[in-house]
Amino acid sequence: MKKFFVLLLLVLPAVLLTVNTGSSPFAFATEDELDEELVDVETEDAAVVADETEPEDEPETTKSPDADTFLLFTRPLHAVGSQLELPAGYPVEFLVGFTNKGQFEDFVVESVEASFRYSMDFNYFIQNFSAVAYNREVKPGHEATVSYSFLPSESFAGRPFGLNIALNYRDGRGNQFSEAVFNETVQITEIDEGLDGETFFLYVFLAAIVILLLVLGQQFLGSYGKRKRPTTTARKVVETGTTSTKDVDYEWIPSETLKQIQNSPKSGKASPKQSPRQRKAKQGLQGGN
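What you see is a predicted model, and the numbers here were worked out from it, not measured in a lab.

Student: So what exactly am I meant to see when it comes to the overall build of the chain here?
Tutor: Secondary structure summary: the chain contains five helices and nine strands in total. Listing each helix as α and each strand as β along the chain from the N terminus yields α-α-β-β-β-β-β-β-β-β-β-α-α-α. Expressed as a percentage of the 289 residues in the chain, the buried residues total 22%. Pairs at least 24 residues apart make up 68% of the contacts formed inside the chain by residues separated by at least 6 positions.

Student: Just to check I follow, could you spell out the pattern of salt bridges for this structure?
Tutor: Working definition: two side chains of opposite charge can pair if their charged atoms are close together. With the rule as written, the count across this model stands at six salt bridges. Two residues, Arg170 and Glu110, come together in a salt bridge whose shortest N-O distance is 2.5 Å. Of the two residues, Arg170 sits in strand β8 (residues 160-171) while Glu110 sits in strand β4 (residues 107-118), which places them 60 residues apart along the sequence. Notably, a salt bridge pairs Lys139 with Glu137, separated by 3.2 Å at the nearest N-O pair. What emerges from the salt-bridge pattern is a single network uniting Glu105, Asp171 and Arg173.

Student: Help me understand helix α4 (residues 255-263) in this model?
Tutor: For an α-helix, the turn length of 3.6 residues means that residues three or four places apart are oriented alike. Looking only at α4, the buried set comprises Thr257, Leu258 and Ile261. All buried residues of α4 project into a common sector of 100 degrees when viewed along the axis, lining one side. For α4, the exposed residues lying more than 90 degrees away from the buried face are Glu256, Lys259, Gln260 and Asn263.

Student: I would appreciate a short explanation of the sheet that holds strand β3 (residues 92-100) in the present structure.
Tutor: Hydrogen bonds along the backbone pair up the strands of a sheet, which may run parallel or antiparallel. Taken together, three strands build an open sheet; the order of strands is β1-β3-β7 and the sheet is antiparallel. The two strands at the open ends of the sheet, each matched to only one other strand, are β1 (67-75) and β7 (143-150). Each strand of the sheet is rotated relative to its neighbour by a mean of 20 degrees, with strand direction disregarded.

Student: Help me understand the nonpolar core in this model?
Tutor: Where a protein is soluble and globular, its nonpolar side chains tend to be buried together. Counting 31 residues, the largest nonpolar core has Leu86, Phe116, Phe150, Leu163 and Ile165 as the members making the most contacts within it. Those elements giving two or more residues to this core turn out to be β1, β3, β4, β7, β8 and β9 (176-189).

Student: Got a minute to help me understand the packing of aromatic side chains in this structure?
Tutor: What describes a pair of aromatic rings is the distance from one ring centre to the other and the angle between the planes of the rings. Inspection of every chain in the model, using the stated rule, returns 16 aromatic pairs. Centre to centre, the rings of Phe156 and Phe161 are 4.8 Å apart; their planes meet at 50 degrees, and the pair counts as tilted. We note that Phe156, like Phe161, is buried. Here a set of aromatic residues connected by ring pairs shows up, and it is made of Phe73, Phe94, Phe116, Phe129, Tyr148, Phe150, Phe156, Phe161 and Phe182.

Student: Explain the side chain of Thr99 to me, please; I cannot follow it from the model alone.
Tutor: If you trace the backbone, Thr99 turns up in strand β3. For Thr99, a relative accessible area of 17% corresponds to the buried category. In contact with Thr99, other than residues within four places in its own chain, are Asp66, Ala67, Asp68, Phe70, His142 and Glu143.

Student: Any chance you could explain unusual backbone geometry here in plain terms?
Tutor: In this model, Arg75 is joined to Pro76 through a cis peptide bond whose omega is -5 degrees. Looking at where Pro76 falls in the secondary structure, it is placed in the loop between β1 and β2 (85-87).

Student: Just to check I follow, could you spell out the confidence of the model for the chain for this structure?
Tutor: Keep in mind that low pLDDT regions are not for reading the predicted coordinates in detail. Averaged over all residues, the pLDDT of the chain equals 75, while 61% of them reach at least 70. Low pLDDT, under 50, characterises residues 20-57; the predicted model gives this stretch five contacts beyond four residues in sequence or across chains.

Student: Is there a simple way to think about a nonpolar patch on the surface in this case?
Tutor: A grouping of Leu202, Tyr203, Phe205, Leu206, Ile209, Leu212, Leu213 and Leu216 is seen on the molecular surface, where their side chains present a nonpolar patch of about 810 Å² in accessible area. Along the chain, Leu213 falls in helix α3 (residues 197-228).

Student: So what exactly am I meant to see when it comes to the environment of Gly158 here?
Tutor: Within the secondary structure, Gly158 sits in the loop between β7 and β8. Sequence spacing of Gly158 and Glu190 is 32 residues, and the spatial spacing of their C-alpha atoms is 6.5 Å. Not counting chain neighbours up to four residues away, the residues in contact with Gly158 comprise Gln187 and Ile188.

Student: What should I look at first to understand the pairing of β8 in this one?
Tutor: Consecutive side chains of a regular strand alternate in pointing toward one face of the sheet and then the other. With 10 of 12 residues buried, β8 is to be regarded as a mostly interior element. The pairing of β4 with β8 spans 10 bridges and is antiparallel. The residue of β8 that forms the bridge with Glu113 is Ala166. Where β8 meets β9, 11 bridges bridge the pair, whose relative direction is antiparallel. Considered in β9, the bridge of Tyr169 is made with Phe177. Two successive antiparallel strands, β8 and β9, enclose a turn made up of four residues, where Gly174 displays a positive phi of approximately 90 degrees.

What counts, and at which threshold
As a convention, each chain's residues are numbered from 1 in the sequence order in which they are written. The predicted nature of this model means local features are confined to residues of pLDDT at least 70 and side-chain atom pairs, given and counted, to a pLDDT of 80 or more, with totals for whole chains, interfaces and linings taken over all residues. Remark: hydrogens and water are excluded; side-chain values derive from all non-hydrogen atoms of the structure. Counting from the N terminus, the helices are the DSSP runs of H or I reaching at least four residues and the strands are the DSSP runs of E reaching at least two. Categorising residues by exposure relies on relative accessible area from a 1.4 Å probe, with only protein chains included: less than 20% of the type maximum marks a residue as buried, more than 50% marks it as exposed, and the intermediate range marks it as partly exposed. What makes two residues a contact is simply this: any of their non-hydrogen atoms within 4.5 Å. Any Lys or Arg side-chain nitrogen found within 4 Å of a carboxyl oxygen on Asp or Glu counts as a salt bridge. Within this analysis, the arc is defined by the directions that extend from the helix axis to the C-beta atoms. Should DSSP find at least two bridges between two strands, the strands are regarded as paired. A fitted line through C-alpha atoms represents every axis, and for helices the fit uses only the stretch in contact; the resulting angles, taken between N-to-C directions, go from 0 to 180 degrees. Among the buried residues, those of types Ala, Val, Leu, Ile, Met, Phe, Trp, Tyr and Cys that are joined through side-chain atoms within 4.5 Å form a nonpolar core. Stacked, tilted and edge-to-face are the three classes applied to pairs of Phe, Tyr and Trp rings, where Trp contributes its six-membered ring and a pair requires centres within 6.5 Å; stacked means planes under 30 degrees apart, edge-to-face means over 60, and tilted covers the rest. Confidence scores per residue from the predictor, reported as pLDDT, run from 0 to 100. In this analysis, a patch consists of residues with relative accessible area above 30% that form no salt bridge, clustered at 9 Å for like charges and at 5 Å for the nonpolar side chains Val, Leu, Ile, Met, Phe, Trp and Tyr. For the accessible areas, the method is Shrake-Rupley and the probe is 1.4 Å, while residue cover comes only from the protein chains on display.

Pasting the structure below:
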């Protein structure tokens, strides 16, 4: 039985390889995988092409043939043909003009509103600004101008956004119109004019260094001047003593002492018993004689 089982294991693979059934099971599995990969690739390509060719939606706008509008930025100033740059954290002001070109119907300028949109798709709102109501009536052949301002957030600095400014008005029959007087991509810029804490302390540090250098320079110049100043020679005080006998006062000497000095020998040698005062007095008397 074991020999038969071993023989069957040896013969069965050879029979399977030699017998041609028209298609192999392994071939079927490989073809299925290839087909699935091809289908996936085609599907992804089709999706990418569809995304690329899909046109961008724009905000719905309606305009009356008897009305004409214009826009003028007063802060900041904007040159036609260049991208508008709005400073973050600073108010933006503009004027919206409306002209009634009709001959019979009146128009009413109701409101002006503005909003930031996603720059790649203007249908996505980023920030809506408050709508300002005017309700100003414009007769046929007349014009009206309204002002509007908004403040871009400082968090939007350095990013592009789509700015949409819409003017809402109606005619005498009650038909509503909403015209986009401005619908372009703007750049929000950052203006660094304030003195922040780091800059303030930097200026203080630099001022302290300058003051320290000035003090050190003054000390150095003072010590250097003292070294260069010529030294004055001190005058030697010589004690001359009472070499002149004319100014000697003998009144305070007792008369007995004077007699002894006068009677003493004039050899010039002083006796050992005489004091220095007696010797000076004797010399004075001798000189006076």
